[in-house]
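# Understanding the architecture of this molecule
Letter by letter, the chains look like this.
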Amino acid sequence: MTHGFPPSTSDSGSSESVSGDDRIAGPSRLPGETAHLHATGSQVQDADAEEERVEAAIEGDFDRLIQNIREAGDGTSSGMLNQMWDMNLEEREAEFKDDLRAASGVGRSKNKKRGRRRGPVLSQQVRALIGEGNQAYVDANIPETIRIMQEVIRIEPRAAPAWSVLAQCYDDMGERGKALQLRIMAAHLNHDADEWGELAQQSRAQGYNQQALYCYGKIYHLDPTNVNALWDRASLAKEIGDLKTARSTMLAMLKRLPHHLPVLDELRPILIELSDLALCAELFQGAFDHYHSAYPSGRGLDPETGEEVPGGGFGLMHLLVLADLYNTLSEYGKAVNTIRKGCRWLQGRAAQKFWDACEDDREWDVPESNVQRSSEGEMQPGMYPLDVNARHRLAIARIKSGDIEEGKMHAKIILAQDAAEYAPLFSEIADAYFERELYAEAGHIYEMLGGDAGTSSMYVLLQAASCRRMIGDLKEAAEVYEHVIQADPGHNEAKMKLAEIYEILNEPRKALDLVMQVIESRKRRAAHREGTTEGGAGETGSASLFEEGKVRGAKAKGTPAKANPNRLTIVQLRELEAQKEREAVQSWHRVQELWPQMLANEEAATREWLVEAEKLVESFRETRALFLTSRHRGFRGMFPRSARKQTTEASEDNMASRLQLELGRDTLARKGTKSDNVNTFRTISFENWLRLFMHYAFLLTRRGQYDLGNEVLRHLLYSNAYQSRSSQDSIRLALITCAIHADQFQTVVEQARKLINGHQFNNEPIRILLSSLGSGLHATDAFLVSTLSKHLLRETRLADAAVRDPESLRYNTAQRRYGLVGTSGKGDPDDVQDDEDEVEAPAITELEKAKLPTKPNPLNVAVYGQILLAAKSYQSALFYLLQAYDYAPDDPLVCLCLAIASIGRAMQRQSDNRHHLITQAMAFLTHYRNLRGDTAQGLDEVEYNFGRVFQQLGLHSLAVRHYQKVLDAAEARTNSNEEGYGLAREAAYNLSLIYVSTGAAPLVQALYRRWLSL
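Treat the numbers as computed from the prediction; the structure is a model and nothing was measured. (Residues numbered from 1 in each chain as written. Predicted model: local features only at pLDDT ≥ 70, side-chain atom pairs only at ≥ 80, totals over all residues. Heavy atoms only, no water.)

### So, the overall build of the protein
Test applied: Strands here mean DSSP runs of E at least two residues long; helices mean DSSP runs of H or I at least four residues long; both are numbered from the N terminus. Under the scheme applied here, a residue whose accessible area is under 20% of the maximum for its type counts as buried, over 50% as exposed, and between as partly exposed, the area being computed with a 1.4 Å probe on protein chains only. What makes two residues a contact is simply this: any of their non-hydrogen atoms within 4.5 Å. Per-residue and other accessible areas follow the Shrake-Rupley method at a 1.4 Å probe size, with only the shown protein chains counted as cover for residues.
Counting its regular elements, the protein contains 42 helices and 6 strands. Relative to its full complement of 1014 residues, the protein shows a buried share of 47%. Taking as baseline every contact in the protein between residues at least 6 positions apart, the subset at least 24 positions apart corresponds to 64%. Accessible surface, the protein as shown: approximately 50200 Å² in total, 50% of it carbon and sulfur.

Structure representation (structure tokens):
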């Protein structure tokens, strides 16, 4: 199995030539690509000459390889191929680049078929030996086969069959590495690009990445039109960290596939990692210009799906990337032009170029901004909509370029959004203000973010304190720093900043105390580092033709120090973590590439996706740092303790000396521990980790492994990386989703109850519960479980008490919930333990007190009444449903439930007022019909429910009339929409029961033929 970016088509096991149908595993084909990739007829002769040159060069490599084997003098050694191919990777890479430049615009004719060279004419002796060797292999005499074929190779090294049979022998013996080496030897004589592709895939599967790069290079040499070889080479180079090779290869791909978005998307992080932002911006700008001219209407066909999409694929996200690049490069004018021109184009207004004459952004004004524009002879504001993220880029560019008023206008619109949802945008706007030394505006935003536990962070608080200090509010800045230090006693940066303020405020004793704490903390860390010895692991032997693990251009490591044999040193731990990180990145890249195919239910891709996803999931679950007992502190990284820079240490010492001279005495300090949360693990964001876990669990559940998927998600609930309320809710919703698919409705009820308790006095979790249970016997049984009914009854009483007597409620800080005074959490024994575990104070820290309701809530009593209704406790159901009717008299569902409860009660023997209950039911049913209106969907529903009531009462003639109306309406709909059955099937089935009871067999048969047959 291979890892990384999309494999070539040979990865599927087929021997079909890639160039035969021009399929590209990575990027898809753009319009006109066939004409771009294949040369004209006048170039065929040149291509033939180039082909002969390439094959001669490959055979030259073979001759050099054979010479090395002979000089080794040990043809039977297991390492016979390990030492004789010492390729210079730098020279090979330079040669590859030269070939790219020479052939980037030249292709071969699509219909030209490569012929295989036969090699030298074999002597009679050699042919006889090959025959003997083949017969020995057929007789399963592997040692004799190896001896004969080695003799053949000694006599005639260019006998390709000997290499192939010898490789098969070692393959049968289980020596995969040696077999692969021999097949590579044979491939030098066959000149088959497909064979090199298979060898490259096998090399990747066995972890021989440098060898795989060599094979991909041979593919390109033999078939310059094979874009798959370039893609695979680039993806592999990216995986092993050879970013320069990946960059040069992808740039060559762009010469053949100009402005191809998948290639640009893969190239962008590489260029950013190499700090080549200018080239990245140039490429995206070229793509923007191309798509803008190719699709002037702002919409075009996506080359991947064939569907019409905005910009023909170059959408808003690409515009945002280009604007971010320009903002980072300080080219703010280009960033503004990109957003204005690009968003106008995506809205189908590319022809309105007159807006470019406006220096401001009045084109995107909104009525709420209240911006005063000069109207004398000038253009009026356009009032066109603009995405919040695009407006954010405009705001950043305007503010940083010095156009403060225009930037403030955009910032005001963005800051009117929900801070919790757009916290990163808020923070970047504040950073832009801070960079422009607009500390008052920046401080306001930082304080807004710092006031909410969900958006606050140490960085935000420190920036807010810096703003306070810069505008002269030193005491308030000191209070903020003190708050930070109180929350994190080991935050040395905050201590140094606070010490500076104390020094300004002429409080040197406090300042010196803080500085000495920082110095003492630094000394203890240094002493700990001195006790740790560095060490490195030796390199192991490899069956690769190349020195694996060596990245082109990488520096050699120093001599390792003596290591502690009983435990890994810090350096070894970091190297081990770096190795696991590389493996995780490799698996993540492969998972991302397989994701669309997995979602399309391709079986082979799904199996491989599961394997790669399992590696990532298990590596996450086995990491102890992600499952600590102090979950509220979040994930601080694998190595959270890092040393200060020497410049910082000198600053600390200088301040301490200055304060000591001022005071004339020394002070002792306390030690602290620094804690900075991170939002990635092994370069993968926690958001992507969560998405991976959820899709992994979904796929396991779909494939019949619900228990394993459920276990994975439940374990994830305990990770300190996912203790925020939104993360916990997402995981619980995923658990509910899997449980629904597996018909495990008890789990649905369990997780829905946790959501209800976590969001007290909120109706949405109850709606999630109802929609998740749906219909069916198992779902009904779960809906009727006693723990759920008791839980909902308690929630109903709490909600009622909150409205009628708020003083009777008390907030329980341990459970983070309101409870009745005097109960102290006492309640039903089936529920108490679960409720105490719903919201853990140490784990979920950003929860706020739920707002008490101010008016009665009909949902709680209505749902409890429906539980009683499903349990056939019609009398009790009427009590709660009538209460819900008092709260919401115009709710059609409440009226329908009341009608059902009244009819049900009337049918029971204990009823002493049947006629009154039936009359009451018809009154509620009539009110329900008036509320539902005359829409087609509502008409179907109303007529069906009336027919069902009359059928229950035995009034079959009236029931038939209403059922027939449902069928007539469905008949009219199916003339225009084949799927517009509505409730026709249910009505037809009930109507057939009536016809059967009356003996109308022909009518029943007609109903079954029309409505109840497949």
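### What to know about the pairing of strand β5 (residues 809–812)
Here is the key point about a regular strand: its side chains alternate between the two faces of the sheet. Definition in use: DSSP bridges decide pairing: two strands pair if at least two such bridges lie between them.
Burial along β5 is one-sided: the face carrying L809 and Y811 is buried and the face carrying R810 and N812 is not. One ladder, built from 4 bridges, connects β5 with strand β6 (residues 817–820); its direction is antiparallel. Bridge pairing in β6 places L809 opposite L820.

### Some points on a nonpolar patch on the surface
Counted only if it meets this: A patch consists of residues exposed above 30% relative accessible area that lack any salt bridge, with like charges linked at up to 9 Å and nonpolar side chains (Val, Leu, Ile, Met, Phe, Trp, Tyr) linked at up to 5 Å. Whenever Lys or Arg places a side-chain nitrogen within 4 Å of a carboxyl oxygen from Asp or Glu, that contact is recorded as a salt bridge.
Taken together, Y989, L993 and Y1008 make up a surface patch of nonpolar side chains, about 280 Å² in accessible area. Mapping Y989 onto the fold places it in helix α41 (residues 984–998). Judged by its relative accessible area of 42%, Y989 is partly exposed.

### Some words on the pattern of salt bridges
The full count for this structure, using the stated rule, is 35 salt bridges. R247 is the salt-bridge partner of D276, the closest N and O atoms lying 3.3 Å from each other. Here the residue D276 occupies a position in the loop between α12 (261–273) and α13 (277–294), and R247 occupies one in helix α11 (residues 243–256), the gap between them amounting to 29 residues. Taking relative accessible area as the criterion, R247 reaches 23% and is therefore assigned partly exposed. A salt bridge links R349 to E363, with the shortest nitrogen-to-oxygen separation between them at 2.9 Å. Placement of R349 in the loop between α15 (332–346) and α16 (388–401) and of E363 in the loop between α15 and α16 is noted, with a sequence separation of 14 residues between them. Both residues of the pair, R349 and E363, belong to the buried class. Taken together, the shared-partner salt bridges connect R340, D361, R398 and D403 into one network.

### Here we look at the nonpolar core
Applicable threshold: What is meant by a nonpolar core is a set of buried Ala, Val, Leu, Ile, Met, Phe, Trp, Tyr and Cys residues, joined one to another through side-chain atoms within 4.5 Å.
By size, the foremost hydrophobic cluster in this structure holds 104 residues, and its most contacted members are W609, F620, W689, L692, Y722 and L773. In contact with W689, not counting residues within four places along its chain, are L616, S619, F620, F681, I684 and Y722. Core analysis: the second largest hydrophobic core is formed by 65 residues, A187, L264, A281 and A390 among them.

### Re unusual backbone geometry
Residues other than glycine seldom take positive phi values, yet R682 does so here, at roughly 55 degrees. By secondary structure assignment, the location of R682 is in the loop between β3 (680–681) and β4 (684–685). Of note, the phi angle at K872 is positive, near 65 degrees, even though the residue is not glycine. By the element assignment, K872 lies in the loop between α35 (858–870) and α36 (874–887).

### Here we look at empty space enclosed by the protein
Rules: In the cavity and pocket records, a cavity denotes points on a 1 Å grid over the protein atoms alone where a 1.4 Å probe fits but cannot get out, a pocket denotes an open set with protein on both sides within 12 Å along at least 5 of 7 lines, and lining residues are residues with an atom within 4 Å of a point. Grid points are joined across faces, edges and corners, and a volume is the space filled by probe spheres set on the points. Classification used: nonpolar for Ala, Val, Leu, Ile, Met, Phe, Trp, Tyr, Cys and Pro, charged for Asp, Glu, Lys and Arg, polar for all others including Gly.
With the rule as written, the count across this model stands at 4 cavities of 30 Å³ or more. Its boundaries defined by the atoms lining it, the second largest cavity holds a volume of some 80 Å³. As for the second largest cavity, its lining consists of I756, H759, Q760, F761, N762, N763, I766, E795, A799, N857 and N860. Across the lining of the second largest cavity, the residue classes tally to 4 nonpolar, 6 polar and 1 charged.

### Some details on the confidence of the model for the protein
Rule in force here: The predictor rates its confidence in each residue with pLDDT, a number between 0 and 100.
Scored by pLDDT, the protein comes out at a mean of 76, with 74% of its residues at no less than 70. Overall, residues 533–541 carries pLDDT values under 50, and its contacts beyond four positions in sequence, including any with other chains, amount to 21 contacts.

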